[in-house]
Every structure is written in structure tokens, then in C-alpha cells.
Amino acid sequence: MASTAPIRVERPLAAEEAARGDYYALLAHLFSRPPDSALLASLAAAPALPEGARVDIAVAWRDLVAAAGAVDELAAGDEYDALFGGVGKSPLSIYAGAYAGATAVEHARVRIQRDLAAAGLAHQAPTEPEDHFAALFDAMRVLAAGGAGRVPAPLGEQRRFFESHVKPAAPKFFARLATEPRANFYRRVAALGQAFVVLESESFSLD
Amino acid sequence: MKTKRIQDRRKFLLAAGLGGAGAAVLVAGVKAKDGPASGSVEAAAGPDGYRATEHILKYYKTTQV
């Protein structure tokens, strides 16, 4: 009897799920490194959200597009270093553990490692801890839209990761970043991130 | 019931502008399916779906009470 190989059927990703993946990709990119001139130029040329879109996210997107047209690569890089890196203590942490209430018994990084492993994912930047927001948003990107050799995760799995690791920390981080005096371009990134996380939170509650 | 919940969620996201927002974000040069945006997450290679690096093992030790 001839053996038969299983057939893998990949359903095309719905537009709104692809868009979620794109938002996570953009946030992961902007928190992993400052935008270069090419990204700033394409952001500056991006169209507004469609008529009737939710106001908070539409305004945040419009402001980010405007800011991308006003800042240059050098200024954005200096701002990123001043906020998240550079020499000396950063004014605010870019790690979820600082906002999610890390404990001596089980730090947020340990929980993230465990949940990434359960999702078949592994952190690939050993010089950066797993609770770096870029890594968390990148994990959500893969879970929502697929990538890294896997298909999108079921919504329940996405929701569990989001509610365990993103929701407890990202809103506090975005709120801090939005009021940080040294933030300018990144204040707009924070506003978009905040609006998007609220949207995600509400959409998961419908599942 | 589950189908209705999925439809409600889809309607909610589309009404929020996410269907069209995807195109807007794509124009920005970052696309979800293109690969890791930050290079930080990849499918695990181990048979159990987990790759424990030396860094991870060291870190686990620091968390033991």
C-alpha cells in the first residue's frame, strides 16, 4: 500500500489579520532599532487610514506619518539612543519586566521563554533579554500573521500570549514613553502602539 | 456560536480600519510575511520545540530560590 503524505492547506490570511501582523512588525522594527531614512520616507508617504476608521488609531497613524516626514535618520537615531540605550542609564526601560511586576521567583523573561517554547518559537537575540518589547511584538507578529516557518497561531494561543506578556506591560510602557520629555518621534510611536494595544485587547475580548 | 464570535471580531477589526490599515502599514516598508522584523523570534529547531541556549540556562539558575 502506497504511503500518502499529509496535505498542508494554507488559508490566505484575512486582510484584518494581515494588518495586525503588519502593525506588530512595524512596532517590533521601531523598538529594535531606530528607523533609517528609507523607512522614514515610506512612512511619510503612507496614506491615511480609511474614512470611518477608529479615531484613536487613525489620529495616531496620521501623527506618526507627519512626524516621519519631519524627522531625519540622524535625529531619530539620537532620540532612540537617548531614550533606550546609549551611555549611562536609560530614562525608561524597553523591557516588559520593568512594567509587569517581575518577581524574584519567576521573572517575566522566564515566563516568556516558556510560552515562546510552547508556541514553537525561540528568541534569537541572546544579547537581548526575551522581555525586550521588540521581541514581544515580533512574537505577536508571528503568532498573528505567521512567519519564521510557521502558520498563524489559533486566536486562543494569540490571546494567551498577548494577555500574559503584552497587555500587562505595553500600556504602561507606552504611557511613560508618551510623556518622556526626550521623546519626539517616539512619542508618536507610543501613541500608535497604545491605540493598537487597546484595539487588540478589545478584539480579543470578542473571541 | 464560535462562527458568530469570529464574525463579530472580524467586523470589529474591519470597522476599526484595520483592513485598510494593513495597506497603509505595508507602504511603510515593513511587512509581516517578509520575515522577522527585528530578527528576534524564529521557529524553534529542537525536537521538543525548544532550544535552551547557554544564556537561557545561566538565566534559569539565577531565578532559582
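Going by the structure above, here's the rest.
The rules behind the values
Residues numbered from 1 in each chain as written. Chains lettered and ligands numbered in written order. Predicted model: local features only at pLDDT ≥ 70, side-chain atom pairs only at ≥ 80, totals over all residues. Heavy atoms only, no water. Helix = DSSP H or I, 4+ residues; strand = E, 2+ residues; numbered from the N terminus. Polar contact = N/O pair within 3.5 Å; in protein donor to acceptor, adjacent residues only side chain to side chain. Contact = heavy atoms within 4.5 Å. Core = buried A, V, L, I, M, F, W, Y, C linked by side-chain atoms within 4.5 Å. Buried < 20%, exposed > 50% of the residue type's maximum accessible area, 1.4 Å probe, protein only. Phe/Tyr/Trp six-rings, centres within 6.5 Å; stacked < 30°, edge-to-face > 60°.

1. Details of the side chain of histidine 132 of chain A
Residues and elements named next belong to chain A.
Piece 1. Here histidine 132 shows up in the loop between strand E1 (121-123) and helix H7 (133-145).
Piece 2. Engagement of the side chain of histidine 132 in a polar contact is seen with the backbone nitrogen of alanine 134, the distance being 3.0 Å.
Piece 3. In contact with histidine 132, other than residues within four places in its own chain, are Phe31, Ile94 and Tyr95.

2. Let's talk about the nonpolar core
Looking at soluble globular proteins, one finds that nonpolar side chains tend to be buried together.
Piece 1. Core analysis: the largest hydrophobic core is formed by 67 residues, its most contacted members being Phe31 and Phe185 of chain A.
Piece 2. Sorting elements by how many residues they give to this core places helix H10 (residues 185-205) of chain A first, with 10 residues.

3. Notes on the packing of aromatic side chains
Residues and elements named next belong to chain A.
Piece 1. With the rule as written, the count across this model stands at 21 aromatic pairs over all chains.
Piece 2. Plain terms: the ring middles of phenylalanine 84 and phenylalanine 173 are 6.3 Å apart, the flat faces sit at 45° to each other, and that makes the pair tilted. Taken together, the positions of phenylalanine 84 in helix H4 (residues 73-84) and phenylalanine 173 in helix H9 (residues 170-179) put the pair 89 residues apart, joining distant regions of the chain.
Piece 3. On the basis of relative accessible area, phenylalanine 84 is assigned to the buried category, the value being 11%.

4. Digging into the side chain of arginine 54 of chain A
Piece 1. By secondary structure assignment, the location of arginine 54 of chain A is in the loop between helix H2 (37-44) and helix H3 (55-70).
Piece 2. A polar contact of 2.9 Å, which involves the side chain of arginine 54 of chain A, links it to the side chain of glutamate 202 of chain A.
Piece 3. If we skip the residues at most four places from it in the chain, arginine 54 of chain A touches Val198, Leu199 and Glu202 of chain A together with Phe12, Ala15 and Ala16 of chain B.

Shape descriptors only; they carry no functional weight alone.
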